[in-house]
Amino acid sequence: PMTNPAEYEFTDAQNEIFTGLVSAMKRSGAVIGITGVILLAYQIVDHLEVSLSDARPMVVGYIDLTVWCLLAVVGLIVGGLLIKATRAFTAVIETEGNDIKHLMDGLTSLRGVFRLIFAASSLGAVLLSLSFVLLVLY
């Protein structure tokens, strides 16, 4: 027999999934916000043409290009991870009789995705910081 949805309470294990997801989302959001501030500073410095050097060595330009290519790869990875996380949620919509399991599978997947997004966005922040330093110094 099906229980009344208004009476359903998540188990401790299910609540732990929510707790992990919330934590991963907060950390990822913070790092992405920091990365946004770095990107804003980068654009301001670039447009104001602030530099501590008179000439930019060619190798610095290649290093900076490599950094931006790696940033693009990080963006592609994050996008792919988010798309992958939708599979279990799609199962909630398209199937019947097992929604709670599909929901919890989706949330577990999403928690893992946000952990990877945190790692990827942390790497992105480091790469963007490196590019910013190259911009200011050269």
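Now for a description of the structure that goes with this document. Throughout, residues of each chain are indexed from 1 in the direction in which the sequence is written. Whole-chain, interface and lining totals are the exception, using all residues; otherwise, since this is a predicted model, local features are given only for residues with pLDDT of at least 70 and side-chain atom pairs are given and counted only at 80 or more. Calculated side-chain values reflect all of the structure's heavy atoms, with hydrogen atoms and water omitted.

## What about the overall build of the protein chain?
Let me state the cut-off plainly: Segments assigned H or I by DSSP are reported as helices when at least four residues long, segments assigned E as strands when at least two residues long, and all are numbered from the N terminus. What the globule rule says is 2.2 Å times the number of residues to the power 0.38, and the radius of gyration is computed from C-alpha atoms. In what follows, a contact means two residues having at least one pair of non-hydrogen atoms within 4.5 Å. A 1.4 Å probe and the Shrake-Rupley method give the accessible areas. Residues count as covered only by the protein chains that appear here. Counted as positive: Lys and Arg. Counted as negative: Asp and Glu, with His and the chain ends omitted from the count. Working definition for charges: the position is that of NZ of Lys, CZ of Arg, CG of Asp or CD of Glu.
Looking only at helices and strands, the protein chain features 4 helices and 0 strands. Reading the protein chain from its N terminus to its C terminus gives the helix and strand order α-α-α-α. Taken over C-alpha atoms, the radius of gyration comes to 21 Å for the protein chain, far larger than the 14 Å a tight globule of 138 residues would show. A separation threshold of at least 6 residues defines the contact pool for the protein chain, and within that pool the share at least 24 residues apart is 85%. For the protein chain, the accessible area works out to roughly 9100 Å², and carbon and sulfur atoms hold 69% of it. Averaged over its 8 positive side-chain charges, the protein chain has a centre that lies 7 Å from the centre of its 12 negative ones.

## Points about helix H2 (residues 58-84)
Keep this limit in mind: By this rule the span expected of a helix is its residue count minus one, scaled by 1.5 Å. Residue exposure (1.4 Å probe, protein chains only): buried if accessible area is under 20% of the type maximum, exposed if over 50%, otherwise partly exposed.
Here H2 spans 39 Å end to end across 27 residues, near enough to the 39 Å set by a 1.5 Å rise per residue. All of the buried residues in H2 are Val60, Asp64, Val67, Leu71, Val74, Val78 and Leu81. Next to the buried residues of H2 lie helix H1 (12-48) and helix H4 (99-137).

## Remarks on the packing of helix H3 (residues 86-94) against H4
How we decide: For every element, the axis is a line fit to its C-alpha atoms; helices are fit only across the contacting stretch, and the angle between N-to-C directions ranges from 0 to 180 degrees. Between 65 and 115 degrees an angle is taken as roughly perpendicular, under 35 as roughly parallel, over 145 as roughly antiparallel, and anywhere else as oblique. By convention the crossing between two helices is left-handed if the near helix lies anticlockwise of the far one by an angle smaller than a right angle, and right-handed if it lies clockwise. Residue classes follow a fixed rule: Ala, Val, Leu, Ile, Met, Phe, Trp, Tyr, Cys and Pro count as nonpolar, while Asp, Glu, Lys and Arg count as charged, and any other residue, Gly among them, counts as polar.
Two numbers describe how H3 lies on H4: the axes approach to 7 Å, and their chain directions differ by 165 degrees. One element, H3, and the other, H4, form an angle in the roughly antiparallel class. For H3 against H4, the interelement crossing comes out left-handed. Across from Ala88, Phe89, Ala91 and Val92 in H3, the residues of H4 making contact are Asp99, His102, Leu103, Asp105, Gly106, Leu107 and Leu110. Classifying every residue of the contact of H3 with H4 gives 7 nonpolar, 2 polar and 2 charged.

## A look at the packing of aromatic side chains
Applicable threshold: A pair of aromatic rings is counted whenever rings of Phe, Tyr or Trp (Trp by its six-membered ring) have centres within 6.5 Å, and the orientation is called stacked for planes under 30 degrees apart, edge-to-face for over 60 and tilted otherwise. Over a ring means this: the NZ of a Lys or the CZ of an Arg is within 6 Å of the ring centre and within 35 degrees of the ring normal.
Summed over all chains, the structure comprises 2 aromatic pairs. With a centroid separation of 4.9 Å and an interplanar angle of 65 degrees, the aromatic rings of Phe10 and Phe18 are classed as edge-to-face. Among the residues examined, Phe10 registers a relative accessible area of 26% and is labelled partly exposed. For Phe18, a relative accessible area of 27% translates into the label partly exposed. A cation sits over an aromatic face here: Arg27 above Phe118, 4.5 Å from the ring centre.

## Regarding the packing of H1 against H4
Where H1 contacts H4, the two axes come as close as 8 Å, and the packing angle between them is 25 degrees. On the basis of their axis angle, the class for H1 and H4 is roughly parallel. With respect to the hand of their crossing, H1 and H4 are arranged in left-handed fashion. A class-by-class count of the residues in the contact of H1 with H4 yields 24 nonpolar, 9 polar and 5 charged.

## Brief notes about a nonpolar patch on the surface
The criterion, for reference: Patch membership needs two things, relative accessible area over 30% and no salt bridge, and members are linked within 9 Å if like-charged or within 5 Å if nonpolar (Val, Leu, Ile, Met, Phe, Trp, Tyr). Salt bridge, as used here, is a side-chain nitrogen of Lys or Arg placed within 4 Å of a carboxyl oxygen of Asp or Glu.
A cluster of nonpolar side chains, contributed by Leu40, Ile44, Leu48 and Val50, occupies part of the molecular surface with about 380 Å² of accessible area. Among the secondary structure elements, Val50 is positioned in the loop between H1 and H2. Since its relative accessible area comes to 38%, Val50 is described here as partly exposed.

Interpretation in functional terms is not warranted from these geometric data alone.
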